[in-house]
Amino acid sequence: MNGSRIVALGHYQPGRVLTNEDLAGMVDTNDAWITSRVGIRTRHIAGDDEPVDELAAYAGAKALAAAGLTPGTVDMVIVATSTAVDRSPNTAARVAARLGMPSPAVLDVNVVCAGFTHALALADATVRAGSARQALVIGADKMSAVVDWTDRSSCVLVGDGAGAAVVEATAAGEEPGIGPVLWGSNPAMGNAVRIEGTPARFAQEGQAVYRWATTQLPAIARQVCERAGLTPEDLAGVVLHQANLRIVEPVVRRLGAVNAVIAKDVVDSGNTSAASIPLAFSKLVERGELSSGDPVLLFGFGGNLSYGGQVVRCP
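Residues numbered from 1 in each chain as written. Predicted model: local features only at pLDDT ≥ 70, side-chain atom pairs only at ≥ 80, totals over all residues. Heavy atoms only, no water.

Explanation requested: the pattern of salt bridges in the structure shown.
A side chain of one charge can pair with a side chain of the opposite charge when the charged atoms of the two come close. Counted under the stated rule, the structure contains 14 salt bridges. A salt bridge links Arg98 to Glu54, with the nearest nitrogen and oxygen atoms 3.9 Å apart. Of this pair, Arg98 sits in helix H4 (residues 91-99) while Glu54 is found in helix H3 (residues 52-67), placing the two residues 44 residues apart along the sequence. Given a relative accessible area of 16%, Glu54 falls into the buried group. The shortest N-O distance in the salt bridge between Glu205 and Arg194 comes to 3.9 Å. Taken together, the residues Glu205 in the loop between strand E10 (201-204) and helix H7 (206-227) and Arg194 in strand E9 (residues 193-196) connect sequence positions eleven residues apart. Its relative accessible area of 22% is what places Arg194 among the partly exposed residues. A single network of salt bridges, built from pairs that share partners, joins Arg5, Glu168 and Glu174. (Salt bridge = Lys/Arg side-chain N within 4 Å of Asp/Glu carboxyl O. Helix = DSSP H or I, 4+ residues; strand = E, 2+ residues; numbered from the N terminus. Buried < 20%, exposed > 50% of the residue type's maximum accessible area, 1.4 Å probe, protein only.)

Written out as C-alpha cells, the structure reads:
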C-alpha cells in the first residue's frame, strides 16, 4: 500500500466577531469570568444565511488553491461535522456541488470534536488502499446554531468555522506524511457532551469532561507519538482540539511536548468542534510558526467522549 500526506491546508471563519464584552450584554457574565474559566476572548459567529456547507466550501477552496489543484482532480470529500441541519444531500455532497466537483465520493463523519482526526484517518486509509488518490478533508461546525444563548455556562464557549486539508498519495519510496491513528471512546460517559433534542441543543457536564481530558488523555496522546516512532520531545507542534484553554494547557504540560509550538486558537475562535484542529493548524502554517516537514501531533477529543490522533508532517 502507498502512504499519504497532507499537501495543503485552508481555513475560513465568518466575519462577525463576538467578544466577551458583547456576551456580557446578553447573559450574566463578564470578561474576567470567561477568561478565568475557559481562556476565550472572542469567537466568530455565522449568520442565519451561512450554512455549515458554505463554511466548509470556503475552507476547502482555500486548501485546494494552496495545493495548486482544481476541484476536478479530487476523488473524495470527507466532512466532519455534527451541526448539519439536513440529512440528505449530506454536507460533503453540498461542498462538492459548491466547488464544482464532477464525481467525488462524498462522506460525512460525525464524531463531534474528534471528527477531523477521524476523517483524516479514513482519508489516509482510503488512499493507502488505492481507492482514492486525492482527498479533501474538512472539519466544519456552526456551534452557534445549537447553543442556548441564555446559558452562560455553554454560550461563552462556542464559535463557528471550518478548516480543510488536501490529502494525496505519496510517491513510491517516499515516507508517509500521516502517521498511524490511535482512536477510541468511552461510551459509558458518552452523555457528558451532547447535541440532542428538537431543536438540537449543545450541553455538557463540564467538570466530568475536564477530569477525563486532563487525567486520561495525556497518556493516550503519548501513545500516538509512540505509534509514529517519536517522543513528545520530538514534536515541533501540538494541535489539540480547542475545547477550552484550561484543558489544552494541562494536557500539553502532562504530555511533555517541551519543544513544540502549541496551538491556542481557542482564545480567538472559541470551541469550533470538528473545525478546531484544522482551523488552528492552518493558521499556524499560514503564520509561518511551523515549517514544511515538521512533525505535528493532531489530537481530537470530546463528544461521545471520543478521541483520535495522529502525527502528521507539516505541508
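Here the narrative resumes.
Looking at this structure, I do not really get the state of the cysteines. What am I missing?
A disulfide bridge is the covalent bond that connects two cysteines by way of their sulfur atoms. Summed over the entire model, instances satisfying the criterion amount to zero disulfides. Unpaired in terms of disulfides, Cys155 finds its nearest cysteine sulfur in Cys113, a separation of 17 Å. Assessed through its relative accessible area of 0%, Cys155 is described here as buried. We note that Cys314 lacks a disulfide partner, and the nearest cysteine sulfur, in Cys225, lies 16 Å from it. Assessed through its relative accessible area of 4%, Cys314 is described here as buried. (Disulfide = S-S within 2.5 Å.)

Help me understand helix H5 (residues 115-128), please; the structure alone is not making it clear to me.
In an α-helix there are 3.6 residues to a turn, and that puts residues three or four apart on one side. For H5, spanning 14 residues, the distance from its first C-alpha to its last is 20 Å, which sits close to the expected 20 Å at 1.5 Å a residue. Of all 14 residues in H5, eleven are buried, a share of seventy percent or more. For H5, every residue scored as buried is listed here: Gly115, Phe116, Thr117, His118, Ala119, Leu120, Ala121, Ala123, Asp124, Thr126 and Val127. Immediately beyond the C-terminal end of H5, within one or two residues, lies Gly130, with a positive phi of roughly 85°. (Expected span 1.5 Å × (residues − 1).)

What exactly am I supposed to notice about a nonpolar patch on the surface here?
Together, Leu107, Leu122 and Trp183 line one region of the surface with nonpolar side chains, adding up to about 250 Å² of accessible area. For Leu107, the position within the fold is in strand E5 (residues 105-109). (Patch = residues over 30% accessible without salt bridge, like charges linked within 9 Å, V, L, I, M, F, W, Y side chains within 5 Å. Areas by Shrake-Rupley, 256 points an atom, 1.4 Å probe, with all protein chains shown as cover.)

Would you mind going over the sheet that holds strand E14 (residues 306-313) with me for this structure?
Strand order across the open sheet formed by five strands is E8-E14-E13-E11-E12, with mixed pairing between neighbours. Since the sheet does not close on itself, it has two edges, and those belong to strand E8 (182-185) and strand E12 (261-262), each with one partner. By the bridge criterion, eight bridges tie strand E13 (residues 295-302) to E14 in an arrangement that is antiparallel. Pairing of Gly300 across the sheet is with Gly308, part of E14. Each of E8, E13 and E14 is contacted by H5, which is oriented at about 55° to E14, the strand it contacts most. Where helix H8 (residues 245-255) meets the sheet, it contacts strand E11 (237-240), E12 and E13, and its direction lies at approximately 140° from that of E11. (Pairing = 2+ DSSP bridges. Contact = heavy atoms within 4.5 Å. Axes fitted to C-alpha atoms, helices over the stretch in contact; angles between N-to-C directions.)

Whenever I open this one, H4 confuses me. Can you help?
Residues of H4 that are buried include every one of Thr91, Ala92, Val95, Ala96 and Leu99, and no others. Mapping the buried residues of H4 onto a view down its axis gives an arc of 140°, with all of them on the same face. Looking at the buried residues of H4, the elements they touch are H3, strand E4 (76-80), E5 and strand E6 (134-142). Positioned one or two residues after H4, Gly100 has a phi angle of 75°, which is positive. (Arc of directions from axis to C-beta.)

Looking at this structure, how should I read the packing of H3 against H4?
Helix-helix packing is characterised by the crossing angle of the two axes and by the distance between the axes. Here H3 crosses H4 at 55°, and the two axes come no closer than 9 Å. Compared by their axis directions, H3 and H4 come out oblique. Crossing geometry of H3 relative to H4 is assigned as right-handed. Between H3, through Val52, Asp53, Glu54, Ala56, Ala57, Gly60, Ala61 and Leu64, and H4, the contact on the second element is made entirely by Thr91, Arg94, Val95, Arg98 and Leu99. (Parallel < 35°, antiparallel > 145°, perpendicular 65-115°, else oblique. Left-handed = near helix turned anticlockwise from the far one by under 90°.)

Mind showing me how you'd approach the sheet that holds strand E7 (residues 160-169) here?
Spatial strand order, E1-E7-E6-E4-E5: five strands in an open sheet with mixed pairing. A single partner strand is all that each edge strand has here, and the edge strands are strand E1 (4-12) and E5. Each strand axis lies, on average, 20° off the axis of its neighbour in the sheet, ignoring direction. In the sheet, E6 pairs with E7 via nine bridges, with the strands oriented antiparallel. Looking at E7, one finds that Ala135 is bridged to Val167. Taken strand by strand, H4 contacts E4, E5 and E6, and its axis lies near 135° from that of E5. In this fold helix H10 (residues 276-286) packs onto E1, E6 and E7, with an angle of close to 95° to the strand it touches most, E1.

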